[in-house]
Structure formats: structure tokens, C-alpha cells
Amino acid sequence: MFPRSDNFIAAMHRAVLMMPNQMCIREVTVNLENGLHLAPSSQIVQLAQKFGCALSIRKGERTVDGTSMLELLTLAAEHGAVLQLEARGDRAEEAIEAISQLFERNFEVEEPA
Amino acid sequence: MRLSDFVVPEAILPDLKVDTKEAAIRKMVESLAGCGSIQTEDQESIIAAILKREELGSTGIGNGVAVPHTKHPSVDRLVATIALAKDGVDFASLDGEDVFILFLLVSPPDRPGDHLRALENISRHLRNHNFCSFLKQATSSKAVVELLDEADNNQLG
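**Some details on the overall build of chain A**
Moving on, step 1. Per the secondary structure count, chain A includes four helices and four strands.
Moving on, step 2. Counted from the first residue to the last, chain A has its helices and strands arranged as α-β-α-β-β-α-β-α.
Moving on, step 3. Residue pairs at least 24 apart in sequence account for 71% of intrachain contacts in chain A once pairs closer than 6 positions are excluded.
Moving on, step 4. Total accessible area computed for chain A in this model is approximately 6,400 Å², and 51% of it derives from carbon and sulfur atoms.

Put into C-alpha cells, the structure is as follows:
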């Protein structure tokens, strides 16, 4: 370790605080019986838009843009699939919390008839 | 799963002219009934179920595409049709834009995996700019069917 002055540490601290983009990662599991179909995917996209975040969602080897319905639907995430969410933006933490809650509440929607 | 596994060629509407979302859905379901993919006596019930699903949130997923759908016990396999609306239809889409390409799906209630894979399949092809662009330009059912075949065979680049 190089010796670092207090000024240097304070400067780094300020730089971190001023970083425009937060990044948050969280792992969630799809508990929907029918998998991540269109209605829940739409809820995710709308939350990402609401918080103005970039959102990537990874399933296994594949990562897609979670702010795009077309991308999200190509994951075909079935019941039991584990997804890693990664949000970037000033409100990334709020976004990831809200989106994780969707999964925890099992999207609170009636299954489409 | 391939597009040709569930899209019924005879039910494709290459030139849909309607003013409303409800009219678009009605025409597409009638087309499926017209070629015997669903029973005529189930038609109204299927239309009602699709409209009810739309009330939960539009299936206009952006990029000029909508995927109205429902599960219905009257079908024993996933059936779908495509409509192209050159003038666009207001589908109350997520991005606020009109819809030009519609995929309508009716699936058996006990096969959620098929529905998910069909959505995956449709979305994967619609991400391909060539597929979207050629689909919007298609003027006959035959041209649409050929395009679906090319997409299934990954010939669109």
C-alpha cells in the first residue's frame, strides 16, 4: 500500500460521492408459475423507466437490456429461473429495491386469462 | 420452437385496416376461426378473454409491435396469427407509438412453457431489424410465410 494523504483520501471520497452513476446488483428468483411472461416483464420495464436507470438482467450466460420488452422476453425465464439484476443510474438502489420487491411479491398480478 | 410451429399461414392478415385495438383483435380471431384453427362458437369468448387481458396492461410492447394473447381451454395447442397494419393501430403501447405488426396467440391453459417459448421466439426475431423491416413491407400472406421460413432457418442475417 502506498501512503496516502488525508487530502487524497478526502478527494477520492468526494469523487465517489459525486459519481453520477450508482450501480446495484441483486439476485432474484422467478416464482411465477407461468414464468416471466409479458405482463411481469412490462412491470419491470416500467419500473426501470420510472427510476431512469439502465438495467441489465442476466440468466445463465445471457445478459439482456432490462429496459426493453423485446430483449426481456427473449430470456424465456421460466418458474425457478435465477436472474441477476444490475441497475445503473442515480436511483439504481431504489430501482433494484423496487424491482426485487416485484419478484418477492410475485408481481401481484392475476395471471392473464 | 419455430414460428411455423404456431403461426397459422391461412389466418395471416397482410393488410389489416382497422381504427381500434378491439377491431384489430376481433379481425385476427375471426381469421383464426375462418380457417378452422379455433371453433367459431368459441370466437366471442376468445375475443372477450384477449380484451380482458389487455385491460391488465397493453400488450403493445414497443417498436410498433403488439402481442395480444390469451389462454383458452378450447385449444389443445398454441395457435397464432399475424396481422400487418400499414396505417398503424393505437394499442396504448408502452412507448406510446402506434402498432404496425401484431402477433395474436391463443394457448392451452396447461402449457405455460409453450406460451413463454413462443414469446421468446417472436421477440428474438423482432429484434432483428431485417425481419421487422421485411415484415412491414410484406404485402401478401405468401410473402409473410416465406419470411417466417427464412427467420426460422436463420437466413435473415
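Resuming the write-up.
**As for the interface of chain B and chain A**
Moving on, step 1. Opposite the 22 residues of chain B that make contact, chain A presents 20 residues.
Moving on, step 2. For the pair chain B and chain A, the summed buried surface comes to about 1,900 Å²; carbon and sulfur atoms form 67% of the total.
Moving on, step 3. On the chain B side of the interface with chain A, the three residues burying the most area are L94(B), L116(B) and R127(B), jointly 31% of the side's total.
Moving on, step 4. Our count for the contact surface shared by chain B and chain A stands at two salt bridges.
Moving on, step 5. Note that R127(B) is salt-bridged to E71(A), the shortest N-O span being 2.9 Å.
Moving on, step 6. There are two residue pairs in polar contact (both at pLDDT 80 or more) connecting chain B and chain A.
Moving on, step 7. Elements represented by at least two residues in the side of chain B that touches chain A include exactly α3 (43-56), β3 (69-71) and α4 (112-126) of chain B.

**Concerning the packing of helix α2 (residues 38-50) of chain A against helix α4 (residues 92-104) of chain A**
Axis angle and axis distance: for two packed helices, these are the angle between their axes and the distance between the axes, and together they describe the pair.
Residue and element names in this part refer to chain A.
Moving on, step 1. Direction vectors running N to C along α2 and α4 enclose 160°, while the axes themselves pass 9 Å from each other. Between α2 and α4, the angle falls in the class roughly antiparallel. Once α2 is placed against α4, the crossing between them reads as right-handed. Residue-level inspection shows Q43, I44, L47 and A48 of α2 in contact with α4, the latter providing A98, I99, L102 and F103.

**What about α3(B)?**
Moving on, step 1. With 14 residues, α3(B) should reach 20 Å at 1.5 Å per residue; the first-to-last C-alpha distance of 21 Å fits that figure.
Moving on, step 2. Contact partners of the buried residues in α3(B): α2 of chain A together with α2 (21-34), β3 and β5 (99-107) of chain B.

**Here's the deal with the pairing of β5(B)**
Residues and elements named next belong to chain B.
Moving on, step 1. Within β5, eight of the nine residues are buried, which leaves the element mostly enclosed by the surrounding structure.
Moving on, step 2. Bridge count between strand β2 (residues 65-66) and β5: two bridges; the pairing is parallel. Of the residues in β5, the one forming a bridge with V65 is I101.
Moving on, step 3. Alignment of β3 against β5, held across three bridges, turns out to be parallel. From the neighbouring strand, H69 faces β5, where its bridge partner is L105.
Moving on, step 4. Bridge count between strand β4 (residues 79-89) and β5: seven bridges; the pairing is antiparallel. Residue pairing for β5: L84 is matched across the bridge by I101.

**Comments concerning the environment of V75(B)**
Moving on, step 1. You can see V75(B) is positioned in the loop between β3 and β4.
Moving on, step 2. On a C-alpha basis, the gap between V75(B) and P108(B) in space is 5.5 Å, while along the polypeptide they are 33 residues apart.

So, how was this worked out
Residues numbered from 1 in each chain as written. Chains lettered and ligands numbered in written order. Predicted model: local features only at pLDDT ≥ 70, side-chain atom pairs only at ≥ 80, totals over all residues. Heavy atoms only, no water. Helix = DSSP H or I, 4+ residues; strand = E, 2+ residues; numbered from the N terminus. Contact = heavy atoms within 4.5 Å. Areas by Shrake-Rupley, 256 points an atom, 1.4 Å probe, with all protein chains shown as cover. Buried area = accessible area lost by both parts, 1.4 Å probe. Salt bridge = Lys/Arg side-chain N within 4 Å of Asp/Glu carboxyl O. Polar contact = N/O pair within 3.5 Å; in protein donor to acceptor, adjacent residues only side chain to side chain. Axes fitted to C-alpha atoms, helices over the stretch in contact; angles between N-to-C directions. Parallel < 35°, antiparallel > 145°, perpendicular 65-115°, else oblique. Left-handed = near helix turned anticlockwise from the far one by under 90°. Expected span 1.5 Å × (residues − 1). Buried < 20%, exposed > 50% of the residue type's maximum accessible area, 1.4 Å probe, protein only. Pairing = 2+ DSSP bridges.

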